[in-house]
Amino acid sequence: MSHRRQVALVVEGHGEVQALPLLVRRILAERGHTATVTKPHRIQRSRMLSELRRAVSLHRARVGEDGLVLIVFDADDCDAGVAAGGALDVAADGHPVAVCVAVREYEAWFLSALESLASHRAVCDDAAYEEDPGLRRGAKEQLRDRMTEPYRETIHQPAFSQLMDLTVARRRSPSFAGLCHTLWQWAGDEGHGT
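A brief report on the enclosed structure follows. (Residues numbered from 1 in each chain as written. Predicted model: local features only at pLDDT ≥ 70, side-chain atom pairs only at ≥ 80, totals over all residues. Heavy atoms only, no water.)

### As for the overall build of the chain
Stage number 1. When helices and strands are counted, the chain shows eight helices and five strands.
Stage number 2. From first element to last, N terminus to C terminus, the chain shows the α and β order β-α-β-β-α-β-α-β-α-α-α-α-α.
Stage number 3. The C-alpha atoms of the chain give 16 Å as radius of gyration, which agrees with the globular expectation for 194 residues (16 Å, within 12%).
Stage number 4. Projecting the C-alpha coordinates of the chain onto the three principal axes gives extents of approximately 45 × 40 × 25 Å. (Helix = DSSP H or I, 4+ residues; strand = E, 2+ residues; numbered from the N terminus. Rg over C-alpha atoms; globule rule 2.2 N^0.38 Å.)

### Describing the environment of Met147
Stage number 1. When you line up the elements, Met147 lands in the loop between helix H5 (139–144) and helix H6 (153–163).
Stage number 2. In this structure the C-alpha to C-alpha distance between Met147 and Ala35, which are 112 residues apart in sequence, comes to 33 Å.
Stage number 3. Beyond its immediate sequence surroundings of up to four residues, Met147 is in contact with Ala122, Val123, Cys124, His156 and Phe160. (Contact = heavy atoms within 4.5 Å.)

### So, the packing of helix H1 (residues 14–30) against helix H8 (residues 174–187)
Stage number 1. For the pair H1 and H8, interaxial distance at closest approach is 10 Å and the crossing angle is 65°. Handedness of the H1/H8 crossing: right-handed. Contacts between H1 and H8 involve Leu23, Val24, Ile27, Leu28 and Glu30 on the former and, on the latter, Phe176, Leu179, Cys180, Leu183, Trp184, Trp186 and Ala187.
Stage number 2. For the contact of H1 with H8, a count of residues per class yields eleven nonpolar, no polar and one charged. (Axes fitted to C-alpha atoms, helices over the stretch in contact; angles between N-to-C directions. Left-handed = near helix turned anticlockwise from the far one by under 90°. Nonpolar A, V, L, I, M, F, W, Y, C, P; charged D, E, K, R; others polar.)

### Overview of the pairing of strand E5 (residues 97–102)
Stage number 1. Of all six residues that make up E5, six are buried, and the element is covered over most of its length.
Stage number 2. Where strand E4 (residues 68–74) and E5 come together, six bridges link them in parallel fashion. Its bridge partner lying in E5, Asp74 is registered against Ala102. (Buried < 20%, exposed > 50% of the residue type's maximum accessible area, 1.4 Å probe, protein only. Pairing = 2+ DSSP bridges.)

### With respect to the packing of H1 against H6
Stage number 1. In the contact formed by H1 and H6, the axes pass within 7 Å of each other and the chain directions differ by 10°. Classified by the interaxial angle, the pair formed by H1 and H6 is roughly parallel. For the pair H1 and H6, contact is made by His14, Gly15, Glu16, Gln18, Ala19, Leu22, Leu23 and Arg26 and by Glu153, Thr154, Gln157, Pro158, Ser161, Gln162 and Leu163, respectively.
Stage number 2. Among the residues making up the contact of H1 with H6, the classes are represented as five nonpolar, seven polar and three charged. (Parallel < 35°, antiparallel > 145°, perpendicular 65-115°, else oblique.)

On their own, these measurements won't tell you what the molecule is for.
Structure (structure tokens):
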């Protein structure tokens with residue numbers, strides 16, 4: 001009897017606790033993969049590096065040798081590559097650990113596929129975003145300006161993560177494309193196109 005592979009998540013925001021498991025399952029399902037995605041372990045950004053090693057060690061034991069521990073956080077004003085490298089240096093010790101950094105914020109991924117969110121009651125029917133979503137900080141504010149109600153991470157992140165067009169988001173956001181490729185590579189089909 002085979003077992004289902006597991007993905008453990010380490011995140012920084014309250015909204016990602018509910019949203020990221022949905023998004024990870026969607027990304028894997030696009031290529032016909034399934035995995036058990038554990039409830040994310042949330043670490044405040046100010047304590048991310050100091051608590052990361054312990055969190056990764058705990059979750060690595062839970063997911064087993066063929067599982068993946070995935071760390072996702074916002075780059076904010078940092079260089080995403082430097083931020084990811086620093087987190088990986090702290091967390092990795094030869095076991096499968098991946099770091100994906102949203103440039104600049106998780107909400108930038110929503111901006112990259114904003115038109116696909118227009119069917120949600122909280123998003124304006126004519127919502128669009130033409131700029132590079134990772135160009136500058138303020139994705140939450142840009143998103144809020146295109147909504148009919150106040151943006152609330154714990155309510156809207158899960159809903160938008162379930163609804164957003166993943167193909168469009170990958171095309172417009174290199175950091176989102178990186179998340180997808182990381183998951184697909186772990187699942188074993190890195191040779192496929194986007």
